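Spelled out, the chains give:
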Amino acid sequence: MAPMDGGLERLYLARPRGFCAGVVMAIEAVERWAEVLKEEGDLVVYHEIVHNRSVVERLRAKGVRFVEDLAEVERLRQERKLAGTLVFSAHGHPPQVRRQAAAMGLNVLDATCPLVTKVHTEARRYAQEGYWILLIGDSADHQEVKGTFGEAPERTILVAVHTHVGKDPRLTDPHTVEVPDPERVVVLTQTTLSVDDTLATIEILKRRFPKLVVPKRKDLCYATQNRQEAVKRIAPHVDVFLVLTSPHSSNGMRLLELAQSLTGRAYRLETAQDLKEEWLWGAKSVGVTSAASTPEDLVQELVALLKAKNPGLEVLEEGEWEEIAFREPRPLSPGEVLSGA
Ligand code: SF4
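Each residue is numbered by its place in its chain's sequence as written, counting from 1. Where totals are concerned, whole chains, interfaces and linings use all residues; where local detail is concerned, this predicted model gives features only for residues with pLDDT of at least 70, and gives and counts side-chain atom pairs only at 80 or more. Note: side-chain values were computed over all heavy atoms of the structure, leaving out hydrogens and water.

## A few points about helix α8 (residues 222-234)
In a regular helix each residue adds 1.5 Å, so 13 residues correspond to 18 Å; α8 covers 19 Å between its end C-alpha atoms and thus fits that length. Residues of α8 that are buried include every one of Tyr 222, Ala 223, Thr 224, Arg 227, Gln 228, Ala 230, Val 231 and Ile 234, and no others. Strands are runs of DSSP state E lasting at least 2 residues, helices are runs of H or I lasting at least 4, and numbering of each runs from the N terminus. Expected helix span is taken as 1.5 Å per residue step, with the number of steps being one fewer than the number of residues. Per-residue accessibility, obtained with a 1.4 Å probe over protein chains only, is compared with the maximum for each type, and a residue is labelled buried under 20%, exposed over 50%, and partly exposed between these values.

This is how it looks when you write it as structure tokens:
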């Protein structure tokens, strides 16, 4: 990276930022079980355990294998010794993947975030009660959307956030979406969307379907809400915002969009090495935040780089850390794998 102009005076670090309880739980489970099973062979994880390249690479270096399709497990088995255990990632998965794992005789450790599982449970319950489910998501390809949709595919309609209509043609415009029975319709959401845009989308749906049921405990997770609030607090004080996130992280990309809408100058980095000199030209103050799947050491590397290039840089950090922790997942019995309990 070329030298910066050294004109930065203040750095505002968002708090909270980075790892949420679901990500901590999932990573710790994979690390622990990779160690426990290492004599047996490599641990296999279905989908990236969390959407962050550094996390995935660090786990790969510890002998963890990642697959996007369970058919790959057979291929891997021929190449290397695998432990007979499969871990489901924090984002959740469709029930047919559980059934496939059971048919293959794999032991399963379900590291799905409990807040995602809550939405899956809602989808099953409302479908059983005869509701049509409008599922607001950011992409039909997102693992969490696939998982929730897969719980009741015959009764679920994917709906776009109103600001993202047309970005994924498989998601319906909330202004025009139709359901077979407007008297029995419920809205569920992906957990990691923009809070403001999701609430606005639900309002559009309420106008369209006056009997729309909105679950009391909204589906957007605490980590998503708190990280967006922290960006809103900092934005008025900064000229530029830097967001450390993978492009696949839904919550991280929503932080980037929010920072961009509030400051007009927001940039995405995966590591400090991605920083470009011109991003900070003329800026006196910079905000920094990170996605729920971005490790804190990547934030600290960026802070250290900015301090090295801007002698006297003042680092300001306000706000509360969260004190939420999820229980470590335990191996599921074959019955639990099939029932999704
Ligand atoms: Fe769970 Fe929210 Fe973290 Fe996703 S971002 S893993 S839903 S706490």
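## Some remarks on the site of the ligand
Definition of nearness: a residue and a molecule or strand are near each other if at least one heavy atom of the residue lies within 4 Å of the molecule or strand. Neighbouring residues of the ligand: Cys 20, Gly 22, Cys 113, Leu 115, Val 116, Thr 191, Thr 192, Cys 221 and Tyr 222. Considering only residue class, the shell around the ligand consists of 6 nonpolar, 3 polar and no charged. Lys, Arg, Asp and Glu make up the charged group, whereas Ala, Val, Leu, Ile, Met, Phe, Trp, Tyr, Cys and Pro make up the nonpolar group; the residues left over, Gly among them, are polar.

## Topic: the sheet that holds strand β11 (residues 285-290)
Two strands pair if DSSP finds at least two bridges between them. One open sheet holds the 5 strands; their spatial order is β10-β9-β11-β1-β12, and the pairing between them is parallel. Of all strands in the sheet, those bounded by a partner on one side alone are β10 (266-269) and β12 (314-317). Mean inter-strand twist for the sheet, computed between neighbouring axes without regard to direction, equals 25 degrees. In terms of strand pairing, strand β9 (residues 240-244) meets β11 through 5 bridges, oriented parallel. Bridge pairing links Leu 244 to Ser 290 in β11. Contacts are assigned to residue pairs that have any heavy atoms within 4.5 Å of one another. To get an axis, a line is fitted to the C-alpha atoms, and for a helix only the part in contact is used. The angle between two axes follows their N-to-C directions and goes from 0 to 180 degrees. Each of β1 (10-13), β9 and β11 touches α8; the most contacted strand, β11, lies at about 180 degrees to it.

## Considerations on the packing of helix α5 (residues 114-128) against helix α6 (residues 143-151)
Closest axis-to-axis distance for the α5/α6 pair is 8 Å, and the angle between their directions is 25 degrees. The angle between α5 and α6 falls in the class roughly parallel. Here α5 runs over α6; the crossing is right-handed. On α6, the residues touching Val 116, Val 119, His 120, Ala 123 and Arg 124 of α5 are Glu 144, Gly 147, Thr 148 and Glu 151. Comment on the angle field: the value is read as roughly parallel under 35 degrees, roughly antiparallel over 145, roughly perpendicular from 65 to 115, and oblique elsewhere. Handedness of a crossing is defined here by the sense of rotation of the near helix relative to the far one, left-handed for an anticlockwise turn of less than a right angle and right-handed for a clockwise turn.

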